[in-house]
Amino acid sequence: MVSQTRKRILILLAVVVILFLLIRYVFFGESLEASIVPAAPQLIIPQQQHESHDSQNYRRAPGAPVMVTVFYEALCPDSKHFITKQLVPAFKEASVLMDTRLVPYGKASTMTNPDGTYSFDCQHGQVECEANTYHACTIEAVQDAQARLDMVACMIRDNRLPKEALHRCAKQQNIDNVDLIQKCFDSSHGSELLKLNGDLTHALRPSITFIPTITLDGYQGKQALILKNLLAEICKIAGDNEKADEICNQHI
């Protein structure tokens, strides 16, 4: 009799657990697997936002760097000012608090040609399309974050002759794979990179109305404040840790 009672209790408990999981699945949209297996810690998970929200948003792990994404144009004076006067100084002072992602494209448009290749119409003309492509190829080729940012800052200071800007800045910044960057530009790969940048730019929500547009962890926030004092805005969301406290005390 005791054995039968114990079996009934175990069956009842199993039924309760199954009903609980089914309720969570039906009413809260959670999968059964997610209910049973705990989520791995320290993940940074991109979430697509819709309607009036940003197109890219992130849940950042505690202590992880802030993702700073810069949507810009190679011949845009405001882009040049932000990169040279805000982004570069902030990164030199607080690189441990930020990851940078550079997206050269801006207020451009992409056309697909009959042969499947791409052509572009850029806000400041064809020279800017060429400069944007050189930037895209450089960003892919230069792996070191500081060197990559220094190259982009150097080129954007004077991009009226994009090819000359690349070779001049590569020499100044001791970049030894300039041939790889030039090959990227001369091939279809450069256009493919720029097209991808266009996709990212057009997917941003709210849509871009001003260049540069900067997102912090995917969120546009108050652009006027970000453009004026990038590091202060990073410090507001960096979280509590010793490095942030040490760097940010004078900026908040």
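Okay, so let's go over this structure. (Residues numbered from 1 in each chain as written. Predicted model: local features only at pLDDT ≥ 70, side-chain atom pairs only at ≥ 80, totals over all residues. Heavy atoms only, no water.)

## Some thoughts on the sheet that holds strand 3 (residues 66-72)
Taken in spatial order, the 3 strands line up as 4-3-7 in an open sheet, and their pairing is mixed. Each end of this open sheet is capped by a strand with a single partner; those strands are strand 4 (98-104) and strand 7 (213-216). Taken over all neighbouring pairs, the strand axes of this sheet differ in orientation by 15° on average, direction set aside. The pairing of strand 3 with strand 4 spans 7 bridges and is classified as parallel. Looking at strand 4, one finds that V66 is bridged to M98. (Pairing = 2+ DSSP bridges. Helix = DSSP H or I, 4+ residues; strand = E, 2+ residues; numbered from the N terminus. Axes fitted to C-alpha atoms, helices over the stretch in contact; angles between N-to-C directions.)

## Thoughts on the nonpolar core
Generally speaking, nonpolar side chains in soluble globular proteins are found buried as a group. Counting 30 residues, the largest nonpolar core has V68, I83, L87 and L230 as its most contacted members. For this core, the elements supplying multiple residues, two or more each, are strand 3, helix 3 (77-94), strand 4, helix 5 (145-157), strand 7, helix 10 (230-237) and helix 11 (242-248). Every residue in contact with V68, bar those within four places of it in the chain, is listed here: L87, M98, D99, T100, R101, I214, T215, L216, L230 and I234. Counting residues in hydrophobic clusters, the runner-up holds 18 residues, among them Y134, A141, C154 and L166. (Core = buried A, V, L, I, M, F, W, Y, C linked by side-chain atoms within 4.5 Å. Buried < 20%, exposed > 50% of the residue type's maximum accessible area, 1.4 Å probe, protein only. Contact = heavy atoms within 4.5 Å.)

## Things to note about the packing of helix 4 (residues 126-141) against helix 7 (residues 178-186)
Contact pair helix 4 / helix 7: the axes reach a minimum separation of 9 Å and the direction vectors enclose 130°. One finds that helix 4 runs oblique with respect to helix 7. Helix-helix and strand crossings are classified by hand; for helix 4 and helix 7 the assignment is right-handed. Across the interface between the two elements, E130, T133, Y134, C137, T138 and A141 of helix 4 pack against L180, I181, Q182, C184 and F185 of helix 7. Partitioning the contact of helix 4 with helix 7 into residue classes produces 7 nonpolar, 3 polar and 1 charged. (Parallel < 35°, antiparallel > 145°, perpendicular 65-115°, else oblique. Left-handed = near helix turned anticlockwise from the far one by under 90°. Nonpolar A, V, L, I, M, F, W, Y, C, P; charged D, E, K, R; others polar.)

## Digging into the state of the cysteines
For the structure shown, the criterion picks out 4 disulfides. For C137, the disulfide goes to C184, at an S-S distance of 2.1 Å. Residues C137 and C184 are joined through a disulfide that is left-handed, its torsion about the S-S bond being -70°. Note that C137 is positioned in helix 4 and C184 in helix 7, a separation of 47 residues in sequence. In this pair, the class of C137 matches that of C184, namely buried. Residue pairing for C154: its cysteine sulfur links by disulfide to C169, the two sulfurs lying 2.1 Å apart. Since a negative S-S torsion denotes a left-handed disulfide, the C154-C169 link at about -85° is left-handed. Of this pair, C154 sits in helix 5 while C169 sits in helix 6 (residues 162-172); the two residues are 15 residues apart in sequence, bridging distant segments of the chain. Judged by relative accessible area, C169 falls into the buried class, the value being 0%. Along the protein chain, the cysteines engaged in disulfide bonds are linked according to the scheme 1-2, 3-6, 4-5, 7-8 when indexed in sequence order. (Disulfide = S-S within 2.5 Å.)

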